[in-house]
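Coordinates in review
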Amino acid sequence: LKDYKTNAVVSPPFERNPIISPLSNADKVVRIKLQEPLLENTTYSFNFGDAIQDFNENNKLSNFTYVFSTGSYIDSLNVKGKVFSGYDFELPKKVLVGLYEADSTFNDSVILKSKPYYISRVDEKGEYNLKYLRPGNYKIVAFQDEIENNKFDLGREKIAFQNELINLEGNQEIDLKLFKPKPTYRLLSSE
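Quick caveat: nothing in here was measured; it's all calculated off a predicted structure. (Residues numbered from 1 in each chain as written. Predicted model: local features only at pLDDT ≥ 70, side-chain atom pairs only at ≥ 80, totals over all residues. Heavy atoms only, no water.)

The secondary structure content of the protein chain amounts to two helices and 14 strands. Here the C-alpha atoms of the protein chain give a radius of gyration of 18 Å, agreeing with the 16 Å that 2.2 N^0.38 yields for 191 residues. For the protein chain, the spread of C-alpha atoms along the principal axes amounts to about 70 × 40 × 30 Å. Split into buried and exposed, the 191 residues of the protein chain put 37% on the buried side. Sequence separation of 24 or more characterises 63% of the internal contacts of the protein chain that already satisfy a separation of 6 or more. Counting every atom, the protein chain has about 12300 Å² of accessible surface; 47% of that belongs to carbon and sulfur. The positive charge centre, built from 25 side chains, and the negative charge centre, built from 27, are 4 Å apart in the protein chain. (Helix = DSSP H or I, 4+ residues; strand = E, 2+ residues; numbered from the N terminus. Rg over C-alpha atoms; globule rule 2.2 N^0.38 Å. Buried < 20%, exposed > 50% of the residue type's maximum accessible area, 1.4 Å probe, protein only. Contact = heavy atoms within 4.5 Å. Areas by Shrake-Rupley, 256 points an atom, 1.4 Å probe, with all protein chains shown as cover. Lys, Arg positive; Asp, Glu negative; His and termini not counted. Charge placed at Lys NZ, Arg CZ, Asp CG, Glu CD.)

Printed below as a string of structure tokens:
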């Protein structure tokens, strides 16, 4: 595995990241050691991006995804689309698209406080594909993950979102446009 932290995304995310090996040695097997219990009736996906490579020649196994379920079936819905940059027309690197569950605890500050429930990387063409989703209501958000913490950091990163919630009952295609939020201003003194 090479550059695992910058390539791989796990949906839904764990509070304590799994231990993945081997990170520096050559091996024919990738091991995933979980550090917390799994949720019931949940489909998990580990998308390794370009992290799995041949040790000698660096041939990549691009977008390899390991999927499993703790229920009796694997969720199969998807949301795909394209992310555009609003003002400078150049898509920044490290852009993620995520879905936040819109349940009874959902509010607008959730995107500042937690990681998306489902997450996907945007490729060099600006395309994303969120796979293995279960039906429900979600808020879709794209953001530039400059800090690489899988969360939107206000004032530092660009963001894109759709105002309405998504009622996911079938596959959908949604395009998003990134923008830089206006900075918050503080009044230091008045004279």
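Back to the write-up after that little detour.
In terms of nonpolar packing, the biggest core is built from 21 residues, with V79, V97, L99, Y128 and I140 touching the most fellow members. Elements with a minimum of two residues in this core: β6 (77-85), β7 (95-101), β9 (127-133), β10 (136-144), β12 (166-168) and β14 (176-178). When neighbours within four sequence positions are excluded, Y128 is seen to be in contact with V79, K80, G81, K82, V83, V97, S120, R121, V122, I140 and I174. By size, the runner-up hydrophobic cluster in this structure holds 12 residues, among which are V10, F14, I20 and A51. (Core = buried A, V, L, I, M, F, W, Y, C linked by side-chain atoms within 4.5 Å.)

Time to look at the sheet that holds strand β4 (residues 43-47). Read from one edge to the other, the open sheet built from three strands follows the order β1-β4-β5, with strand pairing classed as antiparallel. The sheet is open, and its two edges are formed by β1 (9-11) and β5 (65-69), each paired on a single side. Neighbour-to-neighbour, the strand axes of this sheet turn through a mean angle of 10°, independent of strand direction. Judged from the five bridges that link them, β4 and β5 form a sheet pairing that is antiparallel. Its bridge partner being in β5, Y44 is matched across the sheet by F68. (Pairing = 2+ DSSP bridges. Axes fitted to C-alpha atoms, helices over the stretch in contact; angles between N-to-C directions.)

Turning our attention to the side chain of D153. Its place among the elements puts D153 in the loop between β10 and β11 (159-161). The charged side chain of D153 is buried without a salt bridge, its nearest counter-charge being R156 at 6.0 Å. A distance of 3.2 Å separates a polar atom in the side chain of D153 from a polar atom in the side chain of N149. (Salt bridge = Lys/Arg side-chain N within 4 Å of Asp/Glu carboxyl O. Polar contact = N/O pair within 3.5 Å; in protein donor to acceptor, adjacent residues only side chain to side chain.)

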